[in-house]
Amino acid sequence: MVMLEVRWHGRGGQGVVTASEILARAALLEGKYVQHFPEFGPERAGAPVRAYTRISDEPIDIHSGVYTPDIVVVIDPTLLPLKDMLFAGLKSGGYFIINIAEPPQDLVQTCREKNLKLGFVDATKIALDIFKRPFFNTPMVGALVKVTGIVKLESVLEAVKARFPGPVAEKNIEAIRRAYEEVKTL
């Protein structure tokens, strides 16, 4: 593996930073080198937030933002109208993974035009079914892992156990597994 860069999009309070951290922990468990960091200022809950994850087999010497990600994960589908921001710098041949039951045709077309693999899952439904609250960050980690193979599912589940206590970990594991099974690609 060469270095892979992931950019996460969501809103303040939706766990975008936690999702990035879980992915980084999973990669670390696999002996990879990682960086994980958020990008936000004094935004209030609900404002757009980004987080970044870098994963490599070799030490990472870059200490800047992620400008040309290999993968973009959109946790909150209400950000879809901000396409310029979401697709900014995303490499041709990369992945665009979104929390949505069915992607609109214009999104499918944009991904085709940009030579991107599109992954989608209804993480909102999964979260409401399992948590009874809109915690769709961890299901999106499951979708990301299935679509990209960036780390092993088992590593993600171990990272979740390290991050969350008992019953909280179990619910997150259930949500991750379900999204892993339900994600679709185009």
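Note: the structure precedes this text.
Calculation notes
- Residues numbered from 1 in each chain as written.
- Predicted model: local features only at pLDDT ≥ 70, side-chain atom pairs only at ≥ 80, totals over all residues.
- Heavy atoms only, no water.
- Helix = DSSP H or I, 4+ residues; strand = E, 2+ residues; numbered from the N terminus.
- Rg over C-alpha atoms; globule rule 2.2 N^0.38 Å.
- Areas by Shrake-Rupley, 256 points an atom, 1.4 Å probe, with all protein chains shown as cover.
- Lys, Arg positive; Asp, Glu negative; His and termini not counted.
- Charge placed at Lys NZ, Arg CZ, Asp CG, Glu CD.
- Pairing = 2+ DSSP bridges.
- Contact = heavy atoms within 4.5 Å.
- Axes fitted to C-alpha atoms, helices over the stretch in contact; angles between N-to-C directions.
- Buried < 20%, exposed > 50% of the residue type's maximum accessible area, 1.4 Å probe, protein only.
- Arc of directions from axis to C-beta.
- Phe/Tyr/Trp six-rings, centres within 6.5 Å; stacked < 30°, edge-to-face > 60°.
- Lys NZ or Arg CZ within 6 Å of the ring centre and 35° of its normal.
- Salt bridge = Lys/Arg side-chain N within 4 Å of Asp/Glu carboxyl O.
- Left-handed = near helix turned anticlockwise from the far one by under 90°.
- Nonpolar A, V, L, I, M, F, W, Y, C, P; charged D, E, K, R; others polar.

Just give me the short version of the overall build of the protein chain, but keep the residues and values in it.
For the protein chain, the helix and strand inventory stands at seven helices and seven strands. Ordering the α and β elements of the protein chain from the N terminus gives β-α-β-β-β-α-β-α-β-α-α-α-α-β. The C-alpha atoms of the protein chain give a radius of gyration of 15 Å, which matches the 16 Å a tight globule of 186 residues would have. When the backbone C-alpha atoms are referred to their principal axes, the protein chain occupies close to 45 × 40 × 35 Å. When the accessible surface of the protein chain is summed, it comes to about 8700 Å², and 54% of that surface belongs to carbon and sulfur atoms. Here the protein chain contributes 23 positive and 22 negative side-chain charges, whose respective centroids are spaced 3 Å apart.

Could you give an account of the sheet that holds strand 6 (residues 117–121), with specific residues and numbers?
An order of 2-3-1-4-5-6-7 is seen for the seven strands of this open sheet, with the pairing classed as mixed. Sheet topology places strand 2 (33–39) and strand 7 (184–185) at the edges, where each strand pairs with a single neighbour. Note that strand 1 (residues 4–11) and strand 4 (residues 71–74) share four bridges and pair parallel. Looking at strand 4, one finds that V6 is bridged to I71. Its contacts with the sheet place helix 5 (residues 137–148) against strand 1, strand 4, strand 5 (95–99), strand 6 and strand 7, and it is angled at close to 150° to strand 5.

Account for helix 3 (residues 105–113), with residues named and values stated.
Listed in full, the buried residues belonging to helix 3 are L107, V108, T110 and C111. Viewed along the axis of helix 3, the buried residues span an arc of 160°, placing them on a single side of the element. Seen from the buried face of helix 3, the exposed residues on the opposite side, beyond 90 degrees, are Q105, R112 and E113.

Give me the packing of aromatic side chains: which residues, what numbers.
Throughout the structure, instances matching the rule amount to three aromatic pairs. Ring centres 4.4 Å apart and planes at 10° place the aromatic pair F87 and F96 in the stacked group. Just above the ring of Y95 sits the side chain of K117; from NZ or CZ to the centre is 4.9 Å. The ring of Y180 carries the charged tip of K146 above its face, separated from the ring centre by 4.7 Å.

Kindly report on the pattern of salt bridges, identifying the contributing residues and their values.
Where charged atoms from two side chains of opposite charge come close, those side chains can pair. On inspection of all chains with the given rule, the structure shows 12 salt bridges. The closest approach of N and O atoms between R11 and D76, which form a salt bridge, is 3.3 Å. With R11 in strand 1 and D76 in the loop between strand 4 and helix 2 (83–87), the pair connects residues that are 65 residues apart, well separated along the chain. Note that K125 and D129 form a salt bridge whose closest N and O atoms lie 3.0 Å from each other. Highlighted residues: K125 and D129, both in helix 4 (residues 123–130), separated by four residues, approximately one helical turn. Linked through salt bridges whose partners overlap, the residues forming this network are K125, D129, R178 and E182.

Give me the lowdown on the packing of helix 4 against helix 7 (residues 166–182), citing residues and values where you can.
At their nearest, the axes of helix 4 and helix 7 sit 10 Å apart, and the two run at 145° to each other. In the crossing of helix 4 with helix 7, the sense of the turn from one axis to the other is right-handed. Residue-level inspection shows K125, I126, D129 and I130 of helix 4 in contact with helix 7, the latter providing K171, E174, A175, R178, A179 and E182. Split by residue class, the contact of helix 4 with helix 7 holds four nonpolar, no polar and six charged.

The quantities given are spatial measurements derived from coordinates; they are silent on function.
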